[in-house]
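# Notes for the structure review
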Amino acid sequence: MQQIINYIIKNSNKLLFLLLLCVSLYLTIQSHSFHRSKVVTSANFLTGGTYQQVSNIKEYFNLKEQNNQLATENAYLKSILYNSTDTTALKDFTPTKITYKDTLYKVTMAKVINNSYNLPSNYITINKGKKQKIMPDMGVVNSLGLVGIIEKASNNYATIQSILNTKSQINAKIKNSNHFGSLTWNAKNVGYAQLIDIPRLAQIRKGDTIVTGGKSTIFPEDIPIGKIDKVYIDTETNNYTINVRLFNDMTSLGTVYVIENVNKSEIQTLEQETKANE
């Protein structure tokens, strides 16, 4: 306390000057409208700038929540796309909930937490599992196209057999001609997959788009995969083998969407009964 008193006594002239200066400024501002308007404008500028910076900081820290909302909305839009024959089937949507009614495909958003791409058999791990009704043999896509198929699921996680897996075989077609084949991977380049068993009658051009064929119960038809890069003739089968440049960068995956075919079990049971009766 004594130090404070000594400081005031030592600097009494400076403090008195500052006090008188503040009083004079106050009186000047109060008695002149021009000065008052300038002070108000300057104050608004300073507070406005401060509020803008605070807003920018809040927006930065809210990016994660905003990204999650966008991903959920994308899942909703993909559901409409895959069920485009009946867009009224999706009757309710909020940023955190999608309610389905009489849909053929349901879509669940998930995040990739692990991803291998430098092995012959590559797998991807996501943060959704059986609790979110994720089960084996469900298709997985992202905003750019095909990713893989659910291999196994625990309560809270699931693994995906990547399209960069030598065991992977997915029905695919040339979009412009509707000729079908199997999408495989030869383990040589992470940016390319191979479409095999395309008949020689097919009209093929470099740059044509490859999409899912829709001949399985896993993927809807016409999900993008990639573009034709090169075409070879398989000497054993005498069919075309197409090198497909993938739309997806499989080394950098974030948000993915798991697709459930609601009628899958019914279709498979019917097909098995049909085969049993032959």
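Residues numbered from 1 in each chain as written. Predicted model: local features only at pLDDT ≥ 70, side-chain atom pairs only at ≥ 80, totals over all residues. Heavy atoms only, no water.

## Comments concerning the side chain of lysine 128
- With respect to the secondary-structure elements, lysine 128 resides in the loop between β4 (121-126) and β5 (139-142).
- Despite its burial, lysine 128 pairs with no opposite charge, the nearest such side chain being glutamate 260 at 13 Å.
- Each residue touching lysine 128, except ones within four places of it in the same chain, is listed here: Thr108, Met109, Ala110, Ile134, Asn156, Tyr157 and Ala158. (Helix = DSSP H or I, 4+ residues; strand = E, 2+ residues; numbered from the N terminus. Buried < 20%, exposed > 50% of the residue type's maximum accessible area, 1.4 Å probe, protein only. Lys, Arg positive; Asp, Glu negative; His and termini not counted. Salt bridge = Lys/Arg side-chain N within 4 Å of Asp/Glu carboxyl O. Contact = heavy atoms within 4.5 Å.)

## Observations regarding the pattern of salt bridges
- Applying the stated criterion to the full structure yields three salt bridges.
- Note that lysine 173 and aspartate 222 form a salt bridge whose closest N and O atoms lie 3.4 Å from each other. Separated by 49 residues along the polypeptide, lysine 173 in strand β8 (residues 170-174) and aspartate 222 in the loop between β11 (209-212) and β12 (224-233) bring together distant segments of the chain.
- A relative accessible area of 3% places lysine 173 in the buried class.

## Some thoughts on the confidence of the model for the protein chain
- Here the protein chain averages 78 in pLDDT, and 65% of its residues register 70 or above.
- Ranking the elements of the protein chain by mean pLDDT puts strand β2 (residues 97-100) last with 39 and strand β7 (residues 158-165) first with 96.
- In this model, residues 43-49 is a region of pLDDT below 50 whose contacts with residues beyond four sequence positions or in other chains number zero contacts.
- For the stretch residues 86-102, pLDDT sits under 50, and the model shows 31 contacts to residues farther than four places along the chain or on other chains. (pLDDT = per-residue confidence, 0-100.)

## Some remarks on the sheet that holds β8
- One closed barrel accounts for six strands, arranged β8-β9-β10-β13-β12-β11; its pairing is antiparallel. Put simply, the sheet's adjacent strands are angled 40° from each other on average, direction ignored.
- Strand direction decides the pairing type here: β8 and β11, joined by three bridges, are antiparallel. By the bridge assignment, isoleucine 174 is partnered in β11 with isoleucine 210. (Pairing = 2+ DSSP bridges. Axes fitted to C-alpha atoms, helices over the stretch in contact; angles between N-to-C directions.)

## A few points about a nonpolar patch on the surface
- A cluster of nonpolar side chains, Leu16, Leu19 and Leu20, forms an exposed patch at the surface whose accessible area comes to about 310 Å².
- In this fold, leucine 19 is placed in helix α2 (residues 12-31). (Patch = residues over 30% accessible without salt bridge, like charges linked within 9 Å, V, L, I, M, F, W, Y side chains within 5 Å. Areas by Shrake-Rupley, 256 points an atom, 1.4 Å probe, with all protein chains shown as cover.)

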